[in-house]
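The primary structure of each chain is shown beneath.
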Amino acid sequence: MNFVRNSVLPVGTVLIGILAVWYAFTVILNAPFERDQAARANTTISTGQLIENTMAQERPVLPAPHQVAAEIRKTVFDISPTSKRSLVYHGWVTLSSTLLGFGLGTLLGILLAIAIVHSRTLDKSLMPWIITSQTVPILAIAPMIIVVLNAVNITGLLPKAMISTYLSFFPVAVGMVKGLRSPEIMYLDLMRTYNASKAQVFWKLRWPASMPYLFTSMKIAVAISLVGAIVGELPTGAVAGIGARLLAGSYYGQTVQIWAALIVAALMAAVLVSLIGLIATFVNRRMGARA
Amino acid sequence: MSVVTLRPKAKPMPQAAKNVIDVKDLSLVFETNDGPVNALSNINLSVDGGEFVSFIGPSGCGKTTLLRVIADLEQPTSGSISVNGMTPSEARQKRAYGYVFQAAALYPWRTIAGNISLPLEVMGIPKAERKDSIARNLELVNLSGFEKKFPWQLSGGMQQRASIARALSFDPHLLLMDEPFGALDEIVRDHLNEELLKLWAKTQKTVVFVTHSIPEAVFLSTKIVVMSPRPGRIHEVIDCNLGSERTLDIRESPEFLEIAHRVREGLRHGHSYDQAHL
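Residues numbered from 1 in each chain as written. Chains lettered and ligands numbered in written order. Predicted model: local features only at pLDDT ≥ 70, side-chain atom pairs only at ≥ 80, totals over all residues. Heavy atoms only, no water.

1. Some details on the overall build of chain B
Point 1. Across its full length, chain B holds 9 helices and 9 strands.
Point 2. Projected onto the principal axes, the alpha-carbon positions of chain B cover approximately 60 × 40 × 40 Å.
Point 3. Put simply, chain B has 278 residues, and 56% of those count as buried.
Point 4. Within chain B, residue pairs in contact and separated by at least 24 positions form 71% of the contacts whose partners lie at least 6 positions apart.
Point 5. Carbon and sulfur atoms make up 52% of the accessible area of chain B, which totals about 12,300 Å².
Point 6. Mean positive and mean negative side-chain charge positions of chain B (31 and 32 charges, respectively) differ by 7 Å. (Helix = DSSP H or I, 4+ residues; strand = E, 2+ residues; numbered from the N terminus. Buried < 20%, exposed > 50% of the residue type's maximum accessible area, 1.4 Å probe, protein only. Contact = heavy atoms within 4.5 Å. Areas by Shrake-Rupley, 256 points an atom, 1.4 Å probe, with all protein chains shown as cover. Lys, Arg positive; Asp, Glu negative; His and termini not counted. Charge placed at Lys NZ, Arg CZ, Asp CG, Glu CD.)

As structure tokens, then:
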């Protein structure tokens, strides 16, 4: 009952609200086309018929939710996952690049944070570059990363994953610098009275103290990794992946296909972020957090 | 007791040892943005083995700073100091003392047993001996049965007891305590004072104790060091030995009140001296 009251009810209410607005805009945005059609055919169209038609166009300006749902059902469940028309296939291509990029980015972010926390010189010299790296528009740099890596014979999954890495290392590095510096002076003094080595201070104090920061930044990093993977597929003429699907959809005016891909990407992001959240809850429990 | 054997270089101190701590002409100046601050000025002090010495004084008198100098957490500007006949740095490296902070400073992600195990892990003591030490020291502070609890599940007084058990876990001969009961209410504080006294009698450690409570200092100490601020210095050292069989009732006795009066006078005098010179 609690689950229903605390999760299903509020989320469901917002969902119904979104669907209502979506349907309203479907009618508003698709109506001009229907009116043009009617005018061209010199017929009049009743309001009821107009509304019905706006939700059943083949290439609507804004497809109705049930059209998108039908497209998702068709491309996810009805078509074999090995087919190039299956969203499962495209989703998997994007997901694998997301996860590889996210893994590498998280690792890179943690390593950078460790280096920065332990060296004043690196703190001064690296941090400005890390921040600058994120001011470069990823859309501009993505094709170059892929071209450059292609030139040195790195092809396939890795170049795309590098774009996710490029985006995802940043929140992890910044979060972990903060996390590794979070122990109070008293905790550090305590370690000093035990004559603990730097490695001991790291593993017994800084690392466990930084866990909440790590998971918070990993949630941001995984979502941004997915964006990176999709962006990496857009300007590079990729033949597979959610990004390729979006691009193909926009070439051929397949708005239903675009929206289906968008919704699936959003669902994937939600699942990934929730998974990190679950792992965080599990680790927090192990580390004695109040339930 | 087996823990001692793991530190072959640190010989057990005989109980009557002279000069566990020896401070000569020690001064410490903090450089701040508002200019230098004389945190400690011309400190001379010696603490013998088995003594219970309290530093008392108003805030800013340098009592915590002096304790931190003994613990090698601060460096003196001039003068000399020895702990167990070594420099504070050597003493720290040989893990000569256990330090209890104002707050319990238990690591929140470790259980009570895990927290007491922390110094032993750092010192590379094998698991079986760690287990023995945890059980023995939890019993010493009356916390047996709380091994698997996390710090937040314990009251403030219990947390501070756990932190004392942690400081004792590797069996140091010197216990440095920085206002350990300052954040606790008076009822809990009285109770812990009694327990600390029993613990001191049982373990025969040398204790250096920072406080700003006169009854606490008089009740616990064999020697009270009255300090005064600006510059931080020792105003007076008052001997105080109310016998080993002390209970809280002793605080009503004439001897107790007499010493408490002397401490209070010393503190007041330290202050007026201060005002006359500023």
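2. With respect to the domain arrangement of chain A
Residue and element names in this part refer to chain A.
Point 1. In terms of domains, chain A is made up of domain 1 (2-62) and domain 2 (87-286).
Point 2. Just the C-alpha atoms count here: the centres of domain 1 and domain 2 sit 37 Å apart.
Point 3. Between domain 1 and domain 2, the contact holds 6 residues from the first and 7 residues from the second.
Point 4. Between domain 1 and domain 2 lies a buried interface of about 480 Å² when both sides are counted; carbon and sulfur atoms form 57% of it.
Point 5. Considering only the side of domain 1, the residues that lose the most area to domain 2 are W22, R59 and P60, jointly responsible for 68% of the buried surface there. (Domains from an automatic or database assignment. Buried area = accessible area lost by both parts, 1.4 Å probe.)

3. Observations concerning the layout of surface pockets
Point 1. Of the pockets and cavities examined, the second largest pocket occupies roughly 470 Å³.
Point 2. What lines the second largest pocket is a set of 23 residues, among which Y187 and M287 of chain A together with L106, P108 and W109 of chain B lie closest to the centre.
Point 3. Contributing elements (two or more residues each) for the lining of the second largest pocket: helix 8 (185-193) and helix 9 (198-233) of chain A.
Point 4. In terms of residue count, helix 9 of chain A provides more of the lining of the second largest pocket than any other element does, 4 residues in total.
Point 5. Split by residue class, the lining of the second largest pocket holds 17 nonpolar, 4 polar and 2 charged. (1 Å grid on protein atoms, 1.4 Å probe; cavity = no way out; pocket = protein on both sides within 12 Å on 5 of 7 lines; lining within 4 Å. Points joined across faces, edges and corners; volume = space filled by probe spheres on them. Nonpolar A, V, L, I, M, F, W, Y, C, P; charged D, E, K, R; others polar.)

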